[in-house]
Amino acid sequence: MDRILVLPGDGIGPEVTREACRVLEVAAERHGRKLVFEEGLIGGASIDAHGTPLADDVVALARECGAVLLGAVGGPKWDDMPVDTRPERGLLRIRKELGLFANLRPATVFPALVGASTLRPEVVDGIDLLVVRELTGGIYFGEPRGRALVEGRREARNTMVYDESEVARIARTAFDAARGRRRHVTHVHKANVLEVSQLWCEVVDEVAGEYPDVELNHQLVDSCAMLLVREPARFDVIVTGNLFGDILSDEAAMITGSLGMLPSASLGEGGVGLYEPVHGSAPDIAGQDRSNPLATILSAAMLLEHSLSAPEAASDVRRAVSQVLAAGHRTADLVLPGQDTATLGCRAMGDRILEALGAS
Ligand code: IPM
Ligand code: MG
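In this text, all values refer to a predicted model and were calculated from it rather than measured experimentally.

Just to check I follow, could you spell out the overall build of the protein chain for this structure?
Helices and strands together make up the secondary structure of the protein chain, namely 12 helices and 12 strands. Relative to the compact-globule value of 21 Å for 360 residues, the protein chain shows a C-alpha radius of gyration of 20 Å, a close match. Dimensions of the protein chain along its principal axes, counting C-alpha atoms only, are 60 × 50 × 45 Å. Counting only residues that meet the buried cut, the protein chain has 53% of its 360 residues in that class.

Here it is in structure tokens:
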């Protein structure tokens, strides 16, 4: 019996995690695994109930369960709050508390969705990249931070700081991942301006010495943003810090067709894994059954693979997603403006995936 902690969060979080849990349960059961789902609050939902974006007992439960499936946090209701009490703090805190320093964000293009990208099909075809984003350091967590009034003027500061051990361990994650792929790592930085990036270049070069079979190149973040649109298929594994990884992973997601398709896994030293879609809480469509559950369903596949060591169940889920898309089923986000395609709601998309799972 495996325990999974589900943290639906805010906005479309509850509806997409609901579909992912149905899929997870069926996929696991087909391989003889019985799952038990626990549920907890995070983000705005937790602020409303307990006055804090993440309560201590939820962190404790996450440690006990070992695998966490998360929806999304945030929304307009909490937008005017100071950063240190906002819903997003809950997400940052759970990542930090569980030591989840490695965030894996694979961006692949399903053949059926080649036409859903705003890029030309020949540019999109063959995209298969993995963003390895450092998740518990850098400017997201650096001190000093905060706001002050200096001589009557408002001032604010954040600090980008990394030490060599943080860089080395995420670099190893990237090189290890590359060994199971096309053996190419692109380290993304801003070393022409930032000392932090110069340290990253040095340390990544040192770690590369342990991986003579993997090719490494260093790419400035601005030119990487450009190359991702121009020639995305050239990338295999991208390794970078917290802030650059946040930005580039949204870009990588969008070139594959929709932010609604991208899953992620956050792993670390403690053995706990946290799985969440790359997209946000989409408050504008929340509760209307218009969201796309596939990123969360694909995150559930990553959970099966990394936390439950059930790679066959994970493959079943991915195959079901691929089949359903190949059969022409689409949620609204997968249809470009002007395209005349009937769309499914979140629940109906979940139903199609379950049918495909049952049939395979
Ligand atoms: C992400 C999100 C989060 C981040 C926000 C919601 C705090 O954008 O997971 O990419 O910046 O890490
Ligand atoms: Mg982001």
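Now that the structure is up, let's keep going.
Sorry if this is basic, but what is going on with the pairing of strand β6 (residues 142–150) here?
On a regular strand, each side chain points to the face opposite its neighbour's, so the side chains alternate between the two faces of the sheet. Across six bridges, the pairing between β6 and strand β7 (residues 153–159) is antiparallel. Considered in β7, the bridge of Leu149 is made with Arg154. With antiparallel pairing between neighbouring strands as the criterion, β6 and β7 make up a hairpin whose turn holds two residues, including Glu151 at a positive phi of roughly 50 degrees.

Mind showing me how you'd approach the site of ligand 1 here?
Taken together, Glu88, Leu91, Arg95, Arg105, Arg133, Tyr140 and Asp246 make up all the residues around ligand 1. Note that an oxygen atom of ligand 1 is positioned 2.8 Å from one of the side-chain N or O atoms of Arg105. Element by element, the count of residues in the shell around ligand 1 is highest for helix α4 (residues 87–97), at three residues. Split into classes, the residues belonging to the shell around ligand 1 amount to two nonpolar, no polar and five charged.

Before we go on, may I ask you to explain the packing of helix α10 (residues 294–306) against helix α11 (residues 311–326) in this structure?
With their axes 7 Å apart at the nearest point, α10 and α11 run at an angle of 160 degrees to one another. One way to sum up the angle between α10 and α11 is to call them roughly antiparallel. As α10 runs across α11, the sense of the crossing is left-handed. Across the interface between the two elements, Leu294, Ile297, Leu298, Ala301, Met302, Leu304 and Glu305 of α10 pack against Pro311, Ala313, Ala314, Val317, Arg318, Val321 and Leu325 of α11. Of the residues assigned to the contact of α10 with α11, the class counts are 12 nonpolar, no polar and two charged.

In this structure, what is going on with the packing of aromatic side chains? I would like to understand it.
Scanning the entire structure with this criterion turns up two aromatic pairs. Here the aromatic rings of Tyr162 and Trp200 are separated by 5.1 Å at their centres, their planes lie at 80 degrees, and the arrangement is edge-to-face. Of this pair, Tyr162 sits in the loop between β7 and α6 (164–179) while Trp200 sits in helix α7 (residues 195–208), and the two are 38 residues apart along the sequence. Grouping residues by exposure puts Tyr162 and Trp200 together as buried.

Looking at this structure, how should I read the sheet that holds strand β2 (residues 35–39)?
Strand pairs in the sheet, formed through backbone hydrogen bonds, run parallel or antiparallel to each other. Taken together, 10 strands build an open sheet; the order of strands is β2-β1-β3-β12-β11-β4-β5-β10-β8-β9 and the sheet is mixed. Looking along the sheet, the strands with just one partner apiece sit at the ends: β2 and β9 (215–220). Strand after strand, the sheet turns through a mean of 25 degrees between neighbouring axes, direction not considered. The pairing of strand β1 (residues 2–9) with strand β3 (residues 67–72) spans four bridges and is parallel. Its bridge partner lying in β3, Gly9 is registered against Ala72. Across the sheet, helix α8 (residues 221–230) lies against β5 (128–134), β8 (184–189), β9 and β10 (237–240), angled at about 105 degrees from β9, the strand it touches most.

Explanation requested: the side chain of His187 in the structure shown.
Along the chain, the position of His187 falls in strand β8. Judged by its relative accessible area of 0%, His187 is buried. Within the local environment of His187, its side chain forms a polar contact with the side chain of His218, the two groups lying 2.9 Å apart. Look past the residues within four positions of His187 in its chain and what remains in contact with it is Ser197, Trp200, Cys201, Val204, Leu216, Asn217, His218, Gln219 and Val239.

Looking at this structure, I do not really get unusual backbone geometry. What am I missing?
Glycine aside, residues mostly have negative phi angles, and peptide bonds mostly take the trans form. The omega angle of the peptide bond from Glu143 to Pro144 is 0 degrees, so this bond is cis rather than trans. Positive phi, close to 40 degrees, is recorded for Ala282, a residue that is not glycine. Assignment of secondary structure puts Ala282 in the loop between β12 (273–277) and α10. When its relative accessible area of 23% is taken as the criterion, Ala282 is described as partly exposed.

Explanation requested: the pattern of salt bridges in the structure shown.
Once the charged atoms of two side chains with opposite charge are near each other, the side chains can pair. With the rule as written, the count across this model stands at 29 salt bridges. Across the pair Glu97 and Arg63 runs a salt bridge, and its minimum N-O distance is 3.5 Å. Of the two residues, Glu97 sits in helix α4 while Arg63 sits in helix α3 (residues 56–65), which places them 34 residues apart along the sequence. Note that Asp222 and Lys190 form a salt bridge whose closest N and O atoms lie 3.3 Å from each other.

What's the story with a negative patch on the surface in this structure? I'm lost.
A contiguous patch of negative charge on the surface is contributed by Asp163, Glu164, Glu202, Asp205 and Glu206. Broken down by element, the residue count for the negative patch peaks at three residues, all from α7. As for its placement among the helices and strands, Glu202 is situated in helix α7. When its relative accessible area of 47% is taken as the criterion, Glu202 is described as partly exposed.

Sorry if this is basic, but what is going on with the environment of Pro106 here?
By secondary structure assignment, the location of Pro106 is in strand β4 (residues 102–108). Separated by 45 residues in sequence, Pro106 and Leu61 have C-alpha atoms that sit 27 Å apart. In contact with Pro106, not counting residues within four places along its chain, are Leu129, Leu130, Leu262, Pro263 and Met302.

Explain α10 here, please?
Over its 13 residues, α10 extends 18 Å from the first C-alpha to the last, a length consistent with the 18 Å expected when each residue adds 1.5 Å. Residues of α10 that are buried: Leu294, Ala295, Thr296, Ile297, Leu298, Ser299, Ala300, Ala301, Met302, Leu303 and Leu304.

So, how was this worked out
- Residues numbered from 1 in each chain as written.
- Chains lettered and ligands numbered in written order.
- Predicted model: local features only at pLDDT ≥ 70, side-chain atom pairs only at ≥ 80, totals over all residues.
- Heavy atoms only, no water.
- Helix = DSSP H or I, 4+ residues; strand = E, 2+ residues; numbered from the N terminus.
- Rg over C-alpha atoms; globule rule 2.2 N^0.38 Å.
- Buried < 20%, exposed > 50% of the residue type's maximum accessible area, 1.4 Å probe, protein only.
- Pairing = 2+ DSSP bridges.
- Near = heavy atom within 4 Å.
- Polar contact = N/O pair within 3.5 Å; in protein donor to acceptor, adjacent residues only side chain to side chain.
- Nonpolar A, V, L, I, M, F, W, Y, C, P; charged D, E, K, R; others polar.
- Axes fitted to C-alpha atoms, helices over the stretch in contact; angles between N-to-C directions.
- Parallel < 35°, antiparallel > 145°, perpendicular 65-115°, else oblique.
- Left-handed = near helix turned anticlockwise from the far one by under 90°.
- Contact = heavy atoms within 4.5 Å.
- Phe/Tyr/Trp six-rings, centres within 6.5 Å; stacked < 30°, edge-to-face > 60°.
- Salt bridge = Lys/Arg side-chain N within 4 Å of Asp/Glu carboxyl O.
- Patch = residues over 30% accessible without salt bridge, like charges linked within 9 Å, V, L, I, M, F, W, Y side chains within 5 Å.
- Areas by Shrake-Rupley, 256 points an atom, 1.4 Å probe, with all protein chains shown as cover.
- Lys, Arg positive; Asp, Glu negative; His and termini not counted.
- Charge placed at Lys NZ, Arg CZ, Asp CG, Glu CD.
- Expected span 1.5 Å × (residues − 1).

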